[in-house]
Amino acid sequence: MWSDPETWGGSTPSAGEEVIIEPGKHVVLDQHTPNLGGVTVRGVLEFKDGGYRELTSDYVLAEGDGIIRIGTEDDPFQSKAVITLTGSETDESIRGRDEMAIGTKLLGTFDGGSIDIHGASRDKTDWTQLGETANAGDQSIQLEDAVNWEAGDEIVVAPSGTDPKEAERRTIDSVDGNTVTLDSRLDNDHFGEIQEVEGRNVDMRAEVGLLTRNVVMRGDNEISNPGGGGSYTNPTKGDTSLEYETGFGAHGIFAKDPNRIRIEGMEVYHAGQTGHKARYPLHFHHAREQPNSYISHNSVHDSYQRGYNSHGTGNVTYERNVGYDINGHCFLVEEGLEAEQNNVFRENLVVFNRRVQRGDRPFGGVASANGDSNEQNDFRPGAFWISNPNNVLEGNHAAGGYLANGFFYDGRGGLGVDEDAIDITFKNNTAHTYSTDVPLRYKNLARGFGVLFQLFPDGIEQFPDFPLAPEHSIEGLTAYNNGHSAVWTEWSHTTLEESAIADFRVGHFAIGGATTRNNLFLASSDNFVGRGNDGDDGFSTFDNEGPADVTDPEYDDALQKAMEQREDGSKVPTVMEQGEDGSKVPTVMEQGEDGGKVPTVMKQGEDGSKASTVNSDSDTGSTSYSYNQQYELSSSTAILNDTLYYRDVPSNEANDFEGVDWPRTRQRSRVLDVS
């Protein structure tokens, strides 16, 4: 027993002491510890169940055959266990150097070592969805199913509209089946219905995630009882906000070939070390193959930097985890390395991740049209940021982010996998409420995407035959209320299929060659939340970073000129019509028999708006669908089957990409069925 002086040769460890548990020794923690200088485990350190235990130390490390154990798979830990990590900001490292330096203020492994943490909270409902709409002012919510949450548990309710700040954190007052009473009333509306359209279900029910777990890893930042006074506190930051905190928090790092990492039922907060590379809450760091490791049923919230990371590591399973209030990427595969394959991300929930200022990003960043190319793209963080595509993403929900994207497959830094070995699995994921910050413009194609598959421009050099690539699909996606596009693909042979896209500015923007097959595009759903709150088009915009970072009039002027310029240098005419109120109405141009452009007249809708036109070509049997209604006024629905998009030039054509020889082929689209 830790409390037995004989375990330590006469006296128990004192404050500031560095403790080593040697091979062959098995120590059971049966009390709180003082604030130790470090704990190195080469034997076994096990937490004794049956009461609250808190271990406070500058670091806790397992190496060699050492094991840190809190509960087992068959007998999870039932009481409260807390690891509080302490220490001031430093670049020192207790093990390793350069790329393999693991730092300090950590729970981790190095050169072997195992961590087995199994909290009883793994058996609680990790996250669910609303069973009916919750309105601002409500103090109780109805969930999809009955939950086993308890009074005092902390939850987060995801946003439903276009404003990611409408995520709300609350403490539970009581639970009765699927009815949860909160400690205070809701400030915002949260949609809770499944809408049926053309025989298909569009599920836009707000997610509700559990943040509290009975096993905790935390930094000592803002902690009221470091060292453990017998009571457990969980200070939080309050409302979801565009403002964010920085800090030198705790971090979990599993480096240099750990034997096994199995963590479930743990809560992590005040973790991540702002601006320091490789210092994230739960982080496999060049751990290579980890088929026996998993990270499941955990929560990471109030993170100073990122969330769950597989860096140089493959075959880890991440399942039913929750992330909330995350600075930067939340779930990520970091470098595109060959080792970063076959990780499984299944049924995880992210609510609100944000972009932070350049100086607070671990890899810096430049606010340019290319984002942070080769700098890990912290300029436009993803709830799921995937640099090696050969990983499995199934059933995950990305539920809101500021200047961020839901699912971001990033190929700009190059891939550590051969072109013919690309194997993408992306099924039944949901992405909504990602903000763009400014009106649509090519300069700012950096955020506001539900799903972004990006390969330009580095892929040109790696794949000489680009844009050819193996066929792969985005299947079963639900995406709505994303500030820029529901789906943006730059990978050839991408098929968007069996998906539901609702309340969009752009449904599917495809370049490089893509297929849209059997999808539902719902222009305006029954989801009333956030409709038209802050902008003329129904999408909220935010700008708190200053004009130097997000605006560039000269760029926009040059782009507009390029878009209006004909190949021969002449201007493309714009035909305007006179509206009934005297205003000018733009027209859609059609191809005449002699090759000239013929204006088409937009029909007047019953509500006074301009209705969409559908133009058919009898020779080819193809149909083009033109949509020209205001977002908040439209009620159009389209199901597009077997739609092909080809575009083999960069999307932002006004940019100058030096040394890139772009293929010169034409864009075409073919819509076979519109209803």
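Cut-offs applied
Residues numbered from 1 in each chain as written. Predicted model: local features only at pLDDT ≥ 70, side-chain atom pairs only at ≥ 80, totals over all residues. Heavy atoms only, no water. Helix = DSSP H or I, 4+ residues; strand = E, 2+ residues; numbered from the N terminus. Contact = heavy atoms within 4.5 Å. Areas by Shrake-Rupley, 256 points an atom, 1.4 Å probe, with all protein chains shown as cover. Phe/Tyr/Trp six-rings, centres within 6.5 Å; stacked < 30°, edge-to-face > 60°. Buried < 20%, exposed > 50% of the residue type's maximum accessible area, 1.4 Å probe, protein only. Pairing = 2+ DSSP bridges. Salt bridge = Lys/Arg side-chain N within 4 Å of Asp/Glu carboxyl O. 1 Å grid on protein atoms, 1.4 Å probe; cavity = no way out; pocket = protein on both sides within 12 Å on 5 of 7 lines; lining within 4 Å. Points joined across faces, edges and corners; volume = space filled by probe spheres on them. Nonpolar A, V, L, I, M, F, W, Y, C, P; charged D, E, K, R; others polar. Polar contact = N/O pair within 3.5 Å; in protein donor to acceptor, adjacent residues only side chain to side chain. pLDDT = per-residue confidence, 0-100. Core = buried A, V, L, I, M, F, W, Y, C linked by side-chain atoms within 4.5 Å.

### Things to note about the overall build of the protein chain
Along the protein chain, the regular secondary structure elements total 3 helices and 54 strands. Long-range pairs, those at least 24 residues apart, make up 67% of the contacts in the protein chain between residues at least 6 apart in sequence. In the form shown here, the protein chain has an accessible surface area of approximately 25800 Å², with 42% of it arising from carbon and sulfur atoms.

### Points about the side chain of T40
Secondary-structure assignment places T40 in strand β4 (residues 38-41). In this structure, T40 is in contact with V19, I20, I21, Y59, L61, E63 and R95, ignoring residues within four places of it in sequence.

### Regarding the packing of aromatic side chains
What the rule picks out here adds up to 17 aromatic pairs. Judged by centre distance (4.3 Å) and plane angle (0°), the ring pair of Y308 and F331 falls under stacked. Placement of the pair is Y308 in strand β25 (residues 308-314) and F331 in strand β28 (residues 331-333), with a sequence separation of 23 residues. Here Y308 and F331 have matching classes, each one buried. Taken together, the ring pairs in this structure connect F254, F284, Y308, Y318, F331, F345, F384, F407, Y409, F426 and F453 into an aromatic cluster.

### Re the environment of R288
Relative to the helices and strands, R288 resides in strand β22 (residues 282-289). Here R288 falls in the exposed class, since its relative accessible area comes to 52%. When the C-alpha atoms of R288 and V316 are compared, they prove to be 9.8 Å apart, with 28 residues separating the residues in sequence.

### Concerning the pairing of strand β1 (residues 18-21)
Side chains V19 and I21 project from β1 onto a buried face, and the interleaved E18 and I20 project onto a face without burial. Across 4 bridges, the pairing between β1 and β4 is parallel. Bridged to I20 within β4 is T40.

### What about the pattern of salt bridges?
Under the counting rule described, the total for this entry stands at 30 salt bridges. For E54, the salt bridge identified is with R218, shortest N-O distance 2.9 Å. You can see E54 sitting in strand β6 (residues 53-57) and its partner R218 sitting in strand β18 (residues 215-219), a full 164 residues away along the chain. As far as the burial class goes, E54 and R218 line up, both buried. The shortest N-O distance in the salt bridge between E144 and R205 comes to 3.7 Å.

### Brief notes about the pairing of strand β5 (residues 44-47)
Pairing analysis gives 4 bridges linking strand β2 (residues 26-29) to β5, with the strands arranged parallel. Its bridge partner being in β5, V28 is matched across the sheet by E46. Relative to strand β7 (residues 60-70), β5 runs parallel, the two sharing 3 bridges. Looking at the pairing, E46 lines up with R69 of β7.

### Remarks on empty space enclosed by the protein
Counting across every chain of the model gives 3 cavities of 30 Å³ or more. Taken as a whole, the second largest cavity holds about 50 Å³ of empty space. Class assignment of the residues belonging to the lining of the second largest cavity gives a composition of 3 nonpolar, 3 polar and 4 charged.

### Observations concerning the environment of P389
When you line up the elements, P389 lands in the loop between β31 (382-386) and β32 (392-394). The exposure class assigned to P389 is buried, which follows from its relative accessible area of 1%. In this structure the C-alpha to C-alpha distance between P389 and D410, which are 21 residues apart in sequence, comes to 8.3 Å. What P389 contacts, discounting residues up to four positions off in sequence, is Y409, L415, V417, I422, D423, I424 and W491.

### Some thoughts on the environment of H276
The residue H276 is located in the loop between β21 (266-269) and β22 in this model. We classify H276 as buried; its relative accessible area is 13%. Remark: the alpha-carbon pair of H276 and E89, spanning 187 residues in sequence, is separated by 9.8 Å. If near-sequence neighbours (up to four positions away) are discounted, H276 is found in contact with E89, T90, D91, F248, Q305 and P362. Within polar-contact distance, the side chain of H276 engages the side chain of E89 at 2.6 Å.

### What to know about the confidence of the model for the protein chain
Looking at the protein chain, pLDDT values average 78 and 70% of them are 70 or higher. Across residues 532-564, where pLDDT falls below 50, the model places 70 contacts with residues more than four positions away in sequence or in other chains. Between residues 641-675, whose pLDDT stays under 50, and residues either more than four places distant or in other chains, the model counts 78 contacts.

### Observations regarding unusual backbone geometry
Located in the positive-phi region is R288, a residue other than glycine, with phi close to 60°. The phi angle at F352 is positive, at roughly 70°, despite the residue not being glycine. Examined against the element boundaries, F352 turns out to sit in strand β30 (residues 349-354). Here F352 falls in the buried class, since its relative accessible area comes to 0%.

### Let's talk about the nonpolar core
Counting residues in each nonpolar core, the largest one holds 73 residues, and the members touching the most others are L45, L107, I263, L282, I295, F426 and L477. With sequence-adjacent residues up to four places away left out, L282 is seen in contact with G252, F254, I263, M266, V268, I295, V300, G307, Y308 and N309. L130, V180, L182 and V208 belong to the second-largest nonpolar core, a separate cluster that totals 15 residues.

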